Protein chains: 2
Amino acid sequence: MSDDRPTRVIRARDWQWEGVPRREYKTEGTHFRGVTRQTLLGEGAGETALDCETRYFEVAPGGYTSLEQHRHPHSVVILRGHGEVILDDRLEPVAPHDVVYIGPWAAHQFHAAADEPLGFLCVVSRDRDRPQLADDETVARIARNPDVAARLRR
Amino acid sequence: MSDDRPTRVIRARDWQWEGVPRREYKTEGTHFRGVTRQTLLGEGAGETALDCETRYFEVAPGGYTSLEQHRHPHSVVILRGHGEVILDDRLEPVAPHDVVYIGPWAAHQFHAAADEPLGFLCVVSRDRDRPQLADDETVARIARNPDVAARLRR
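Residues numbered from 1 in each chain as written. Chains lettered and ligands numbered in written order. Predicted model: local features only at pLDDT ≥ 70, side-chain atom pairs only at ≥ 80, totals over all residues. Heavy atoms only, no water.

A.B. asks: Explain the interface of chain B and chain A to me, please; I cannot follow it from the model alone.
C.D. replies: Note on interface size: it is often stated as the accessible area lost on association of the parts. Tallying the contact residues gives 42 residues for chain B and 42 residues for chain A. Regarding the contact of chain B and chain A, the summed buried area is about 3600 Å², with carbon and sulfur atoms giving 62% of it. For the interface between chain B and chain A, the tally reads four salt bridges. In this structure, B:Glu92 and A:Arg11 form a salt bridge, with 2.6 Å as the shortest nitrogen-oxygen distance. At the junction of chain B and chain A, the tally comes to 18 residue pairs in polar contact (both at pLDDT 80 or more). Counting only elements with at least two residues in the side of chain B that touches chain A, the list comes to β1 (8–10), β5 (33–41), β6 (52–64), β8 (74–80), β9 (83–87), β10 (90–94), β11 (99–102) and β13 (118–125) of chain B. Here the residues of the side of chain B that touches chain A are counted per class, giving 27 nonpolar, seven polar and eight charged. As paired elements, strand β1 (residues 8–10) of chain A and β11(B) share three bridges and run antiparallel to each other. For A:Ile10, the partnering residue across the bridge sits in β11(B) and is B:Val99. (Contact = heavy atoms within 4.5 Å. Buried area = accessible area lost by both parts, 1.4 Å probe. Salt bridge = Lys/Arg side-chain N within 4 Å of Asp/Glu carboxyl O. Polar contact = N/O pair within 3.5 Å; in protein donor to acceptor, adjacent residues only side chain to side chain. Helix = DSSP H or I, 4+ residues; strand = E, 2+ residues; numbered from the N terminus. Nonpolar A, V, L, I, M, F, W, Y, C, P; charged D, E, K, R; others polar. Pairing = 2+ DSSP bridges.)

A.B. asks: So what exactly am I meant to see when it comes to a negative patch on the surface here?
C.D. replies: A contiguous patch of negative charge, built from A:Asp51, A:Asp127, B:Asp51 and B:Asp127, is present on the exposed surface. Note that B:Asp51 resides in the loop between β5 and β6. Owing to a relative accessible area of 38%, B:Asp51 belongs among the partly exposed residues under this scheme. (Patch = residues over 30% accessible without salt bridge, like charges linked within 9 Å, V, L, I, M, F, W, Y side chains within 5 Å. Areas by Shrake-Rupley, 256 points an atom, 1.4 Å probe, with all protein chains shown as cover. Lys, Arg positive; Asp, Glu negative; His and termini not counted. Charge placed at Lys NZ, Arg CZ, Asp CG, Glu CD. Buried < 20%, exposed > 50% of the residue type's maximum accessible area, 1.4 Å probe, protein only.)

A.B. asks: Is there a simple way to think about the packing of aromatic side chains in this case?
C.D. replies: A ring pair, where both rings are aromatic, is described by two values, the distance of the centres and the angle of the planes. Counted according to the given criterion, the structure contains twelve aromatic pairs over all chains. Aromatic pair A:Trp17 and A:Tyr56: ring centres 4.9 Å apart, planes at 55°, arrangement tilted. Pair noted here: A:Trp17 is in strand β3 (residues 16–17) and A:Tyr56 is in strand β6 (residues 52–64), with a separation of 39 residues, a long-range link. Overall, the relative accessible area of 2% leaves A:Trp17 in the buried class. Note on A:Tyr56: relative accessible area 1%, which makes it buried. With a centroid separation of 5.3 Å and 80° between ring planes, the pair formed by B:Tyr25 and B:Phe32 is classed as edge-to-face. Grouped by ring-pair contacts, the aromatic residues A:Tyr25, A:Phe32, A:Phe57, A:Phe110 and A:Phe120 constitute a single cluster. (Phe/Tyr/Trp six-rings, centres within 6.5 Å; stacked < 30°, edge-to-face > 60°.)

A.B. asks: Quick question: what am I supposed to make of the pattern of salt bridges here?
C.D. replies: Side-chain pairs of opposite charge can arise whenever the charged atoms involved come near each other. Inspection of every chain in the model, using the stated rule, returns 20 salt bridges over all chains. Here A:Asp136 makes a salt bridge to A:Arg154, at a shortest N to O gap of 2.7 Å. Residue A:Asp136 is located in helix α1 (residues 136–142), and its partner A:Arg154 is located in the segment after α2 (146–151); the two are separated by 18 residues in the primary sequence. Residue A:Asp136 is classed as exposed on the basis of its relative accessible area, which comes to 56%. What you see here is one network of salt bridges that share partners, running through A:Arg11, B:Arg90, B:Glu92 and B:Asp98.

Here it is, written out as structure tokens:
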């Protein structure tokens, strides 16, 4: 990745992008399982013109992201696998190329199906607030939906 | 699409997203061929929290986008098909999941292979300048590369 020549193709092979490290989703906590992150665009020194970052997340079979909330919205496009997403008080199935819009403060959690990884792009503003774990009040509210209650992990 | 409940899944089926119109890429001109656009997120009244728009473009077999330049950058992820992209003075092959970063003012043009459509996501800032067709000086410069010269269409 050259900073002075940022216009380029970053080639993909088996869900890895050349020169892009696959990182742990979060460095601590037990509120998620089997999640990795690759930041494809928007973090590099040569990419300060971008207002948004494009990241690829992959959730291992049976894994899940943390149940979180924040002010900044997410634009998500599913790329591989199947699963479910908790979107506030709803549980929705997701499949390749489905788009998920997560508005400000909507609690959300992605779950991969038991038999395949769930991979998705997630676009966020470069300048954004820090995610928070969903609070007890929110969890109590969304868990009134029994499908959400059965699926959520904290 | 409900404005007061924007958090949602927009389901994909055969490269069409539910409730999202497939529009002409541009309404006039002969400097492109066989291109459609679907704006997936970022245009809706309930989505003003998004700093960026996520659009899906599809180029018919043998088609191409206009050879253009602008200040705002593009974050592109190829979703289907194969083709080539002119990135300033280079011609690069592209395949599914390849990422293309197009920095400010880089001339660019996407070409689909002859036998299949080329589909890609393109993320841009909501607030952006208007694309311009590449000027004669730029075209003369990038066409010094014979591969670019053979491929470009105006």
